[in-house]
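Notes for the structure review
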Amino acid sequence: GENVEQHPSTLSVQEGDSAVIKCTYSDSASNYFPWYKQELGKRPQLIIDIRSNMDKRQGQRVTVLLNKTVKHLSLQIAATQPGDSAVYFCAENMRDDYKLSFGAGTTVTVRA
Amino acid sequence: DSGVTQTPKHLITATGQRVTLRCSPRSGDLSVYWYQQSLDQGLQFLIQYYNGEERAKGNILERFSAQQFPDLHSELNLSSLELGDSALYFCASSASWTGDIQYFGAGTRLSVL
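Only a predicted model underlies this, so the values are computations on that prediction, with no experimental measurement involved.

It is worth spelling out the pairing of strand E5 (residues 45–51) of chain A at this point. Pairing analysis gives six bridges linking strand E4 (residues 30–38) of chain A to E5 of chain A, with the strands arranged antiparallel. Counted as the bridge partner of Pro34 of chain A is Asp49 of chain A from E5 of chain A.

Right, let's get into the state of the cysteines. All names here are of chain B. Here the structure, examined in full by the defined rule, presents two disulfides over all chains. Residue pairing for Cys23: its cysteine sulfur links by disulfide to Cys91, the two sulfurs lying 1.8 Å apart. Of note, the bridge from Cys23 to Cys91 carries an S-S torsion of about -45° and is left-handed in sense. Here the residue Cys23 occupies a position in strand E3 (residues 19–24), and Cys91 occupies one in strand E9 (residues 87–94), the gap between them amounting to 68 residues.

Turning our eyes to something else, we now look at the sheet that holds strand E1 (residues 4–7) of chain A. All names here are of chain A. Spatial ordering of the open sheet is given by E1-E3-E8-E7-E6, a layout of five strands whose pairing is antiparallel. Of all strands in the sheet, those bounded by a partner on one side alone are E1 and strand E6 (56–58). The mean inter-strand angle of the sheet, taken between neighbouring strand axes irrespective of direction, is 15°. The sheet contact formed by strand E3 (residues 19–25) and strand E8 (residues 72–77) spans six bridges and is antiparallel. Following the sheet pairing, Cys23 is matched in E8 by Leu73.

About the criteria used
- Residues numbered from 1 in each chain as written.
- Chains lettered and ligands numbered in written order.
- Predicted model: local features only at pLDDT ≥ 70, side-chain atom pairs only at ≥ 80, totals over all residues.
- Heavy atoms only, no water.
- Pairing = 2+ DSSP bridges.
- Helix = DSSP H or I, 4+ residues; strand = E, 2+ residues; numbered from the N terminus.
- Disulfide = S-S within 2.5 Å.
- Axes fitted to C-alpha atoms, helices over the stretch in contact; angles between N-to-C directions.

As structure tokens, then:
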């Protein structure tokens, strides 16, 4: 559960378009995957999460997909708005490990 | 507002000094987690307490220690500070001890000069 690779590191999208961020985790024992949004100088905010017994979860304009076979995770932000500009982190939590391991983050910039 | 309170918001100190960061979890949450966020290291887990007991440890330096008190607030003590300890320190809390659904406080920005 120590290695979470996240890409791209930066992403620039036109307002109204979709943004997609991908993560790869290494441990098949990981069972909980949250996504956090962090605006400049602010706290990480939980925006959506998914557990290993699901392969898709939708929120308001956000969708997370989980492919346990290849240990891939993705976040899609639909109809992006300027307020979506932030750093997004994926994370994983292994059963019985009690901690979150974070990806390096993706800086999303929404162009007006 | 996540309901997790951290004080102080900013701390400026000198190398070799000792500081204490404080965290009050959300009402009803028994777990407290401490993270360090620096530009080159991202968000790194330091330590977790659940209902007063240490549950998990990350790459926390021996110069750092923490505790959780009976009222569930937690303190992170950083001693013999070095320039490289300058970072944002976040506290998060959750209801369970399993590590999921964590809510973060606003953080303490530590500057070591």
